[in-house]
Amino acid sequence: MSTPYVASLSYFPVKGAAGTHPDEAALTPAGLAHDRSFMVTSRDGVFRSQRRHPRLALVRPAVSPGGELLTLRADGLPPLGIPVDTTGPRRPVDLFGQPFHGVDQGEDAAQWLSEALRAPSRLVRVPPEHARVTGGRTPGTSGYADSCALHVLSRATLDLLGRKLAENGAPAVPEDRFRANLIIDGWDEPHVEDGAHRLAIAETELGYAKPATRCAVVMVDQHSGRRDGPEPLRTLAGYRRAGGGPVAFGVKYAVLRPGRIRVGDEVDVTAWGPGEV
């Protein structure tokens, strides 16, 4: 087996929107700094995602290094800079039926996003007192991610999917469809991440939580903001169902030791365990 290493890093400041791809990033207990720290909701607080609002992919957010300013960009709209509010009134929000709170980021952000998504929307930020507990084999915390702090995929896993798509006469799909935080290269076999239950990367440590289950978001073209199905979900359903249930592709981890992660850092598997798929 080659020496595995971090091939790319991505964080997604606004849940469901486009990502940022740095050469290095701080890893906090809730994941890469600023990852899913903002969320778009309906007026009554229900989260919006690419499942129903694929145009979210067209929103390109950027957070200043200290997190004080969020800038939103999208073709056809003027950029909007938003001084980030962490002290304003909390409002209830709904994430997959679970009740949380968010700090509303004001009318300018709401109007801009409503125009971008063509649906009445609000923008909230995770409040400082957010104390979400995530499940799986290793409990942890996260911001507004679907579940755990980090989503990890290997290049070998992506390459296998590419071969299976070709066998089915389907075109390849770019890796950004899967919105992973870390892509690891250097493992010779696909799905090694399924059994990598403890990872040490530079000064950080990750604990395996559960498989990453997939939904219709993987069928959304991240550059056009349109659903481009049925692939790759149809091909994945043929060989990657967890216990005969949902499609699983990649792994979710909790953060056991924060620090900094850089592209090129070696990945050391310090504990192995059985996969769940």
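A. Fine view of the sheet that holds strand E1 (residues 5-9). With mixed pairing, seven strands are arranged side by side in an open sheet as E1-E12-E11-E17-E14-E13-E19. Across the chains shown, the open sheet's two edge strands, defined by having one partner strand only, are E1 and strand E19 (267-272). Across the sheet, the axes of successive neighbouring strands diverge by a mean angle of 35 degrees, strand direction being ignored. Contacting E1, strand E11 (150-154), strand E12 (182-185) and strand E17 (248-257), helix H2 (residues 155-167) runs over the sheet at an angle of about 60 degrees to E11.

B. Spotlight on the environment of Gly244. Here Gly244 is to be found in the loop between helix H3 (233-237) and E17. The class of Gly244 is exposed, set by a relative accessible area of 63%. It is 33 Å that separates the C-alpha atoms of Gly244 and Pro13, two residues lying 231 residues apart in sequence.

C. Structural detail: the sheet that holds strand E2 (residues 24-28). Read across the sheet, three strands follow the order E3-E2-E18 without closing on themselves; strand pairing throughout is antiparallel. Of all the strands in the sheet, just strand E3 (31-32) and strand E18 (259-262) have a single pairing partner and so form its edges. Examined bridge by bridge, E2 and E18 share four bridges and lie antiparallel to one another. Considered in E18, the bridge of Ala25 is made with Ile261.

D. Just helix H1 (residues 107-117), in detail. Ala109, Ala110, Trp112, Leu113, Ala116 and Leu117 are the residues of H1 that are buried. The arc that holds every buried residue of H1, seen down its axis, measures 170 degrees, which confines them to one face. Residues Glu107, Asp108, Gln111 and Glu115 are exposed on H1 and point more than 90 degrees away from its buried face. In the stretch just after H1, Arg118 is the one whose phi turns positive, near 60 degrees.

E. Region of the structure containing the side chain of Thr157. The topology assignment puts Thr157 in helix H2. There is a polar contact of 2.9 Å between the side chain of Thr157 and the side chain of Glu193. Once you skip the residues sitting within four places of it in the chain, Thr157 turns out to touch Pro190, His191, Glu193 and Phe249.

F. Looking closely at the packing of aromatic side chains. For the structure shown, the criterion picks out three aromatic pairs. Seen in terms of ring centroids, Phe47 and Phe96 are 4.7 Å apart; in terms of plane orientation they differ by 50 degrees. Their pairing is tilted. One end of the pair, Phe47, is in the loop between strand E4 (38-41) and strand E5 (60-63); the other, Phe96, is in the loop between strand E8 (90-95) and strand E9 (98-104), with 49 residues separating them in the sequence. Overall, Phe96 belongs to the partly exposed group, its relative accessible area being 40%. Their ring planes at 90 degrees and their centres at 6.3 Å tell us that Tyr208 and Tyr253 sit as a pair that is edge-to-face. Separated by 45 residues along the polypeptide, Tyr208 in strand E14 (residues 204-213) and Tyr253 in strand E17 bring together distant segments of the chain. Sitting over the ring of Phe38, Arg125 keeps its end group 6.0 Å from the ring centre. Looking at Lys164, its charged tip hangs above the ring of Tyr239, at a distance of 4.7 Å from the centre.

G. Examining the environment of Gln111 more closely. Relative to the assigned elements, Gln111 resides in helix H1. For Gln111, a relative accessible area of 58% corresponds to the exposed category. Linking Gln111 and Tyr253, residues 142 residues apart in sequence, is a C-alpha distance of 35 Å.

H. Looking closely at unusual backbone geometry. Cis peptide bonds are those with omega within 30 degrees of zero, and the linkage from Gly229 to Pro230 qualifies with 5 degrees. Backbone geometry at His34 places phi at a positive 75 degrees, although glycine is not the residue there. Inspection of the secondary structure assignment puts His34 in the loop between E3 and E4. On the basis of relative accessible area, His34 is assigned to the partly exposed category, the value being 22%. Notably, Phe96 is not glycine yet its phi reads approximately 55 degrees, a positive angle.

I. Molecular detail of the pattern of salt bridges. The final tally for this structure, using the stated rule, is 17 salt bridges. Across the salt bridge formed by Arg262 and Glu24, the nearest N and O atoms sit 3.6 Å from each other. Of this pair, Arg262 sits in strand E18 while Glu24 is found in strand E2, placing the two residues 238 residues apart along the sequence. Glu24 gets classed as partly exposed once you look at its relative accessible area, which sits at 37%. Among the salt bridges present, the one from Glu129 reaches Arg90, with a minimum N-O distance of 2.9 Å. With Glu129 in the loop between strand E10 (122-125) and E11 and Arg90 in strand E8, this pair connects stretches of sequence that are 39 residues apart. Look at Glu129 and you get partly exposed, because its relative accessible area is 47%. For Arg90, a relative accessible area of 31% puts it in the partly exposed group. A single network of salt bridges, built from pairs that share partners, joins Arg91, Asp104, Glu107 and Arg122.

About the criteria used
- Residues numbered from 1 in each chain as written.
- Predicted model: local features only at pLDDT ≥ 70, side-chain atom pairs only at ≥ 80, totals over all residues.
- Heavy atoms only, no water.
- Pairing = 2+ DSSP bridges.
- Helix = DSSP H or I, 4+ residues; strand = E, 2+ residues; numbered from the N terminus.
- Axes fitted to C-alpha atoms, helices over the stretch in contact; angles between N-to-C directions.
- Contact = heavy atoms within 4.5 Å.
- Buried < 20%, exposed > 50% of the residue type's maximum accessible area, 1.4 Å probe, protein only.
- Arc of directions from axis to C-beta.
- Polar contact = N/O pair within 3.5 Å; in protein donor to acceptor, adjacent residues only side chain to side chain.
- Phe/Tyr/Trp six-rings, centres within 6.5 Å; stacked < 30°, edge-to-face > 60°.
- Lys NZ or Arg CZ within 6 Å of the ring centre and 35° of its normal.
- Salt bridge = Lys/Arg side-chain N within 4 Å of Asp/Glu carboxyl O.

Keep in mind that these numbers describe shape and distance, not what the molecule does.
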